[in-house]
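# Close look at the chain arrangement
Listed below, chain by chain, are the residues.
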Amino acid sequence: MQHDYNDLISVFNQTFIDSFNTELLLGGDEPIYLPADDDNPHHRIIFARGFYASALHEVSHWCIAGPERRLLEDFGYWYLPDGRDEQTQAEFEKVEIKPQAVEWILSASCGFRFQVSCDNLNGSFEPDRPVFTAKVREQVMKYLKDGMPARAKTYSDALRTFYNRPPLTPADFS
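To keep things clear, this report deals only with the structure shown in the data block.

Cut-offs applied
- Residues numbered from 1 in each chain as written.
- Predicted model: local features only at pLDDT ≥ 70, side-chain atom pairs only at ≥ 80, totals over all residues.
- Heavy atoms only, no water.
- Bend = angle between axes of the 7 residues up to and from the residue.
- Helix = DSSP H or I, 4+ residues; strand = E, 2+ residues; numbered from the N terminus.
- Buried < 20%, exposed > 50% of the residue type's maximum accessible area, 1.4 Å probe, protein only.
- Polar contact = N/O pair within 3.5 Å; in protein donor to acceptor, adjacent residues only side chain to side chain.
- Phe/Tyr/Trp six-rings, centres within 6.5 Å; stacked < 30°, edge-to-face > 60°.
- Lys NZ or Arg CZ within 6 Å of the ring centre and 35° of its normal.
- Pairing = 2+ DSSP bridges.
- Axes fitted to C-alpha atoms, helices over the stretch in contact; angles between N-to-C directions.
- Contact = heavy atoms within 4.5 Å.
- Salt bridge = Lys/Arg side-chain N within 4 Å of Asp/Glu carboxyl O.

## Some words on helix α1 (residues 5–20)
Along α1, the sharpest change in direction is near 40° and occurs at Asn13. Every buried residue of α1 is listed here: Leu8, Ile9, Val11, Phe12, Asn13 and Phe16. Near the N-terminus of α1, the side chain that reaches the backbone nitrogen of Asn6, with its oxygen 2.8 Å away, is that of Asp4. At the exit of α1 stands Asn21, carrying a positive phi of roughly 50°.

Following this line, the structure appears as structure tokens:
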């Protein structure tokens, strides 16, 4: 199956530009979320370098951000770049479980392979990817059982329709 980031943009913008005044845009080296301002009438989710996974990841953060956070640059989230020590990496992974669970759901909705991002290539230790993946999968299962954030569900459904994918089940996340 072909995965083109332009499809993600098109489906997202058709789904949310009117209802949430938010658009998905291709960006440069670094992703960023920017609220509407005097120069831009729409809130903007800007993903990095045309990477399909980057678009899904940035949208995932938007899907769980509340109304107040959606008025702040990068949702006002804490972030320390690559090169984290073990304790800081643990804090990073803790706040990334839910957005990466949403990202996995959106990826499955497209038939796109998901891999967790530990995002610490130059850190002082090697993150335990299998343990982090298990934590993210556990959150996916909670979302499937108890319901996912509303915007995540809406985008998942729109993507599944676009890619002609069946409803998601726990078997999609093994």
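## Describing the packing of aromatic side chains
A full pass over the atoms with the stated rule returns 13 aromatic pairs. Arranged with centres 5.6 Å apart and planes meeting at 85°, the rings of Phe20 and Trp62 form a pair that is edge-to-face. Here the residue Phe20 occupies a position in helix α1, and Trp62 occupies one in helix α2 (residues 52–64), the gap between them amounting to 42 residues. For Phe20, a relative accessible area of 31% translates into the label partly exposed. Judged by relative accessible area, which is 0%, Trp62 ranks as buried. Taken together, the ring pairs connect Phe12, Phe16, Phe20, Trp62 and Tyr155 into an aromatic cluster. When the ring centre of Trp62 is taken as reference, the NZ or CZ atom of Arg151 above it lies at 4.8 Å.

## Some remarks on the sheet that holds strand β1 (residues 22–26)
What the three strands build is an open sheet, ordered β1-β3-β2; its pairing is mixed. Only two strands of the sheet have a single neighbouring strand rather than two, namely β1 and β2 (32–34). For this sheet, the mean angle separating the axes of adjacent strands, direction not counted, is 20°. As paired strands, β1 and strand β3 (residues 43–47) are joined by five bridges and run parallel to one another. Pairing of Thr22 across the sheet is with His43, part of β3. The sheet contacts of α1 involve β1 and β3, and relative to β1 the element is tilted by about 160°.

## Description of the pattern of salt bridges
Counting across every chain of the model gives six salt bridges. Here Asp37 makes a salt bridge to Arg44, at a shortest N to O gap of 3.5 Å. For the salt bridge of Lys153 with Asp157, the shortest nitrogen-to-oxygen distance reads 2.7 Å. Taken together, the residues span about one helical turn, with Lys153 and Asp157 both in helix α5 (residues 150–162) at a distance of four residues. Using a relative accessible area of 39% as the deciding quantity, one classes Lys153 as partly exposed. Salt bridges sharing partners connect three or more residues here, namely Lys153, Asp157 and Arg160.

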